[in-house]
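# Summary of the model geometry
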Amino acid sequence: MVKVLVENVSKKYGDTYALREVNMVAEDGALVCILGPSGSGKSTLLRIIAGLLPPDQGRVYFDDVDVTDLPAWRRNVGMVFQSISLFPHLSVYDNIAFGAKLRKMPKDEIDRKVKDLLRLVRLDGYEKRKPRELSGGEAQRVAIARALIIDPSVLLFDEPLGHLDAKLRESLKFEIRRIVKETGKTALYVTHDQSEAFAIADYIYVINKGVIEQGGTPVELYENPKSPFIAEFVGNTNFLKGKVIEINRDEHVAKVLAGDVELFVPMRGDINIGDNVFIGIKPEDIKVSKQVDENIVKKENRYVNVLEGKLLKKIFIGPYLRLEIVIDNLEEPVKADVYGEDRYKYLSMNEGDKVYVLIHKSVAFKHS
Ligand code: ADP
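Summary of the structure given here. (Residues numbered from 1 in each chain as written. Predicted model: local features only at pLDDT ≥ 70, side-chain atom pairs only at ≥ 80, totals over all residues. Heavy atoms only, no water.)

### Here we look at the sheet that holds strand S9 (residues 203–208)
Within a beta sheet, neighbouring strands are joined by backbone hydrogen bonds and run either parallel or antiparallel to one another. Pairing is mixed in the open sheet, where six strands are placed in the order S6-S7-S8-S3-S9-S10. A single partner strand is all that each edge strand has here, and the edge strands are strand S6 (77–80) and strand S10 (211–216). In this sheet, adjacent strand axes meet at a mean angle of 20° when their direction is disregarded. Sitting on the sheet, helix H1 (residues 42–50) is in contact with strand S3 (31–35), S6, strand S7 (154–158), strand S8 (186–191) and S9, with an inclination near 155° to S7. In this fold helix H9 (residues 228–235) packs onto S3, S9 and S10, with an angle of close to 120° to the strand it touches most, S9. (Pairing = 2+ DSSP bridges. Helix = DSSP H or I, 4+ residues; strand = E, 2+ residues; numbered from the N terminus. Axes fitted to C-alpha atoms, helices over the stretch in contact; angles between N-to-C directions. Contact = heavy atoms within 4.5 Å.)

Laid out in structure tokens, this is it:
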């Protein structure tokens, strides 16, 4: 097991930066996700850590060893890719044993390891099957076992669930976490899927246009997004545009004029009077009601905002009900999610009904 350290890594293709001054660390034994939209530089970063691509600038360390100039095979990494890359003519046993045979491991040791790995990935009895006789999920388990046979220092996953259907992705992501944790290996896992990263990662780096925008645990990213990009990417957030008209520095709260509505909003970063800001609000942090219950307003913190609007749309998703509400002079409808039994109560509301929107948590970001 090792700690992986990426220091100031940049990579350009032609004139465009695929990565720009990336710094990150995966502690010994941690499962770290690199999360970002398509084209943000995730695979480029993973390939640089694997030794499949040289950086233009910066260093990669495994513990105290500078591996930047070492080729992939000398870094001792195990990789699992999105496309299932098993050898089609070899059995499951021979696919898993492949790396060990190349390293001329004794036969009985290979045999013992393959059996242990089949047990680990829960495929005992599959030794003789060919890849074409495996489901997508089983094939990825074999690929993981194959990556593990060389006892790698680091495990690297590049969108390993990308080609699988939604149901299988849901179960296999937890299996991958279990397997990684059972081996105790340090793992880096690339994905564009926020829910996948949140479900399995100890720590997440969110990357956007080749730059790490923020690192944190899932809860830290969700509760304290540093930028509108992060807020939107991890929280499906409402964004209202506004201008700061007053500031309470002691409490770090701004009074913001959005349309012709005044809102009290906790601030993120350095914000001044006159600044244009985005107000980020998560759909689950909004309550919608036909009347305003003053007790609720008092019970919540004193920066609860109450706005009047009209119900535009109700969308029953299943686990929650999404309401869209038009508020006069705001550019876009506000989205609010209702969970639990309450969602059936709201179904009786009609589109066009007058409603109150109670915002009990929000954050203001400076508009760049
Ligand atoms: P991701 O894995 O997040 O989808 P990539 O790391 O594959 O992103 O790509 C980052 C950026 O670099 C993209 O804009 C992509 O088009 C560009 N890119 C990747 N590989 C090459 C290449 N071999 N030549 C030129 N541009 C590339």
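### Topic: the packing of aromatic side chains
Under the criterion given, the structure shown has eight aromatic pairs. An angle of 10° between the planes, with centres 5.4 Å apart, marks the rings of phenylalanine 229 and phenylalanine 233 as stacked. Linking phenylalanine 229 with phenylalanine 233, this pair stays in helix H9, spanning four residues, or about one helical turn. Ring geometry for phenylalanine 316 versus tyrosine 344: centroids 6.2 Å apart, planes at 40°, classification tilted. Of this pair, phenylalanine 316 sits in strand S16 (residues 305–316) while tyrosine 344 is found in helix H11 (residues 342–347), placing the two residues 28 residues apart along the sequence. On the accessibility criterion, phenylalanine 316 (43% relative accessible area) is partly exposed. For tyrosine 344, a relative accessible area of 42% puts it in the partly exposed group. Above the ring of phenylalanine 87, the side-chain terminus of arginine 146 is found at 5.4 Å from the ring centroid. (Phe/Tyr/Trp six-rings, centres within 6.5 Å; stacked < 30°, edge-to-face > 60°. Buried < 20%, exposed > 50% of the residue type's maximum accessible area, 1.4 Å probe, protein only. Lys NZ or Arg CZ within 6 Å of the ring centre and 35° of its normal.)

### Let's talk about the pattern of salt bridges
Counted under the stated rule, the structure contains 25 salt bridges. Among the ionic pairs, arginine 177 bridges to aspartate 202, the shortest N-O distance being 3.1 Å. You can see arginine 177 sitting in helix H6 (residues 166–183) and its partner aspartate 202 sitting in the loop between helix H7 (194–200) and S9, a full 25 residues away along the chain. By relative accessible area, arginine 177 is classed as partly exposed at 23%. Three or more residues are tied together by salt bridges with common partners; here these are Arg122, Arg141, Glu175, Arg178 and Glu182. (Salt bridge = Lys/Arg side-chain N within 4 Å of Asp/Glu carboxyl O.)

### What about the site of the ligand?
Around the ligand, the surrounding shell consists of Tyr13, Ala18, Pro37, Ser38, Gly39, Ser40, Gly41, Lys42, Ser43 and Thr44. Glycine 41 is positioned such that a nitrogen or oxygen atom in its backbone is 3.0 Å from an oxygen atom of the ligand. A distance of 2.8 Å separates an oxygen atom of the ligand from a polar side-chain atom of serine 43. Contact with the protein chains hides 52% of the accessible area of the ligand, taken as 560 Å² for the molecule alone. Broken down by element, the residue count for the shell around the ligand peaks at three residues, all from H1. Each residue belonging to the shell around the ligand can be placed in one class, and the counts come to three nonpolar, six polar and one charged. (Near = heavy atom within 4 Å. Polar contact = N/O pair within 3.5 Å; in protein donor to acceptor, adjacent residues only side chain to side chain. Areas by Shrake-Rupley, 256 points an atom, 1.4 Å probe, with all protein chains shown as cover. Nonpolar A, V, L, I, M, F, W, Y, C, P; charged D, E, K, R; others polar.)

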